[in-house]
Amino acid sequence: MERTLVLVKPDAVQRGLIGEVIARLERRGLRLVAARFVQVDRKLAERHYAVHKGKPFYDGLIAYITSAPVMAMVWEGPNAIAAVRQTMGSTRPTEAAPGSIRHDFGLTVGRNLTHASDSPQTAQEEVNLWFKPDELITWERDLDRWIFDA
Ligand code: DAT
Ligand code: MG
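This one's a predicted model, so the numbers in the text were calculated from it and none came from an experiment.

Visitor: Pulling in residues and values, what's your account of the layout of surface pockets?
Guide: In this approach, a probe sized like a water molecule rolls over the atoms, and the result shows the empty space that is left. Computed from the structure, the largest pocket encloses a volume of approximately 680 Å³. Around the largest pocket sit 27 residues that line it, and Tyr49, Val51, His52, Leu61 and His115 are the ones nearest its centre. Within the residue set of the lining of the largest pocket, elements represented by two or more residues are helix 3 (42-48), helix 4 (58-65), strand 4 (114-116) and helix 7 (120-130). Sort the elements by how many residues they give to the lining of the largest pocket and helix 7 lands first, with four residues.

Visitor: Describe the sheet that holds strand 3 (residues 70-77), and please don't skip the residues or the numbers.
Guide: Strand order in the open sheet formed by four strands is 2-3-1-4, with antiparallel pairing between adjacent strands. Bordering the open sheet on either side are strand 2 (31-38) and strand 4, each of which pairs with just one other strand. The average angle at which neighbouring strand axes cross in this sheet is 15 degrees, direction not considered. Where strand 2 meets strand 3, seven bridges bridge the pair, whose relative direction is antiparallel. When the bridges of strand 3 are listed, Arg36 appears paired with Ala72. Contacts from helix 7 reach strand 1 (2-8), strand 2, strand 3 and strand 4 within the one sheet, and its direction differs from that of strand 1 by about 55 degrees.

Visitor: Please give an account of the pairing of strand 3 that cites residues and values.
Guide: Of all eight residues that make up strand 3, eight are buried, and the element is covered over most of its length. Burial along strand 3 is two-sided: the face carrying Val70, Ala72, Val74 and Glu76 and the face carrying Met71, Met73, Trp75 and Gly77 are both buried. Here strand 1 pairs with strand 3 via seven bridges, running antiparallel. By the bridge assignment for strand 3, Val8 is matched with Met71.

Basis of the calculations
- Residues numbered from 1 in each chain as written.
- Chains lettered and ligands numbered in written order.
- Predicted model: local features only at pLDDT ≥ 70, side-chain atom pairs only at ≥ 80, totals over all residues.
- Heavy atoms only, no water.
- 1 Å grid on protein atoms, 1.4 Å probe; cavity = no way out; pocket = protein on both sides within 12 Å on 5 of 7 lines; lining within 4 Å.
- Points joined across faces, edges and corners; volume = space filled by probe spheres on them.
- Helix = DSSP H or I, 4+ residues; strand = E, 2+ residues; numbered from the N terminus.
- Pairing = 2+ DSSP bridges.
- Axes fitted to C-alpha atoms, helices over the stretch in contact; angles between N-to-C directions.
- Contact = heavy atoms within 4.5 Å.
- Buried < 20%, exposed > 50% of the residue type's maximum accessible area, 1.4 Å probe, protein only.

Structure below.
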C-alpha cells in the first residue's frame, strides 16, 4: 500500500474542477486519507518546490501555486504513486495521455491543474510537509477487497 500527495492547483480550483479530480481518483479505486483546503504561503510553496529552485520557471511556479487556494489531499492504494501520476498525465498537457486530467483540461505546462508525488521518498516528504500525523485517517472501506488484492 502506498500513500501519495495530490494538489488540485489554483487554476483547477478557480475552474471548479476540485470535484472532477476527486471523482476520478475515487473512480480509480483510490482511498482518501486526508484533505485540506489551503491558501499556500510563500514559505510552504518554497518548501514544496525546493527541488526546482534556480530553474527558469521557479519564480512563476511559486507565483502560480500561491495565486489562489489549493485542495491538498493524501490518497492511498496499491501502486498509488504511479496510478495517480497516470491519472494526472505527463507534466506537459500536450504530452499527456488522452483521458488524463492534464490532457482533458490543460494546454500549458504552467497551468497543468494538479500535482502528484513522483516517488515513495517524495511522497513521504510531501505528505509530512502538508499534513500533521493526526490529520491522516486510517480506515477501511467495505469495497476494498474488490479493488485491492492485498
Ligand atoms: P510534475 O508536476 O509533473 O511533477 P515537475 O516536478 O517536473 O512536474 O515540475 C513541477 C511543476 O513545475 C510542473 O507541474 C509545472 C512546472 N514546470 C515544470 N517544467 C516547466 C517548464 N519547463 N516551464 C514551465 N513550468 C514548468
Ligand atoms: Mg514533480
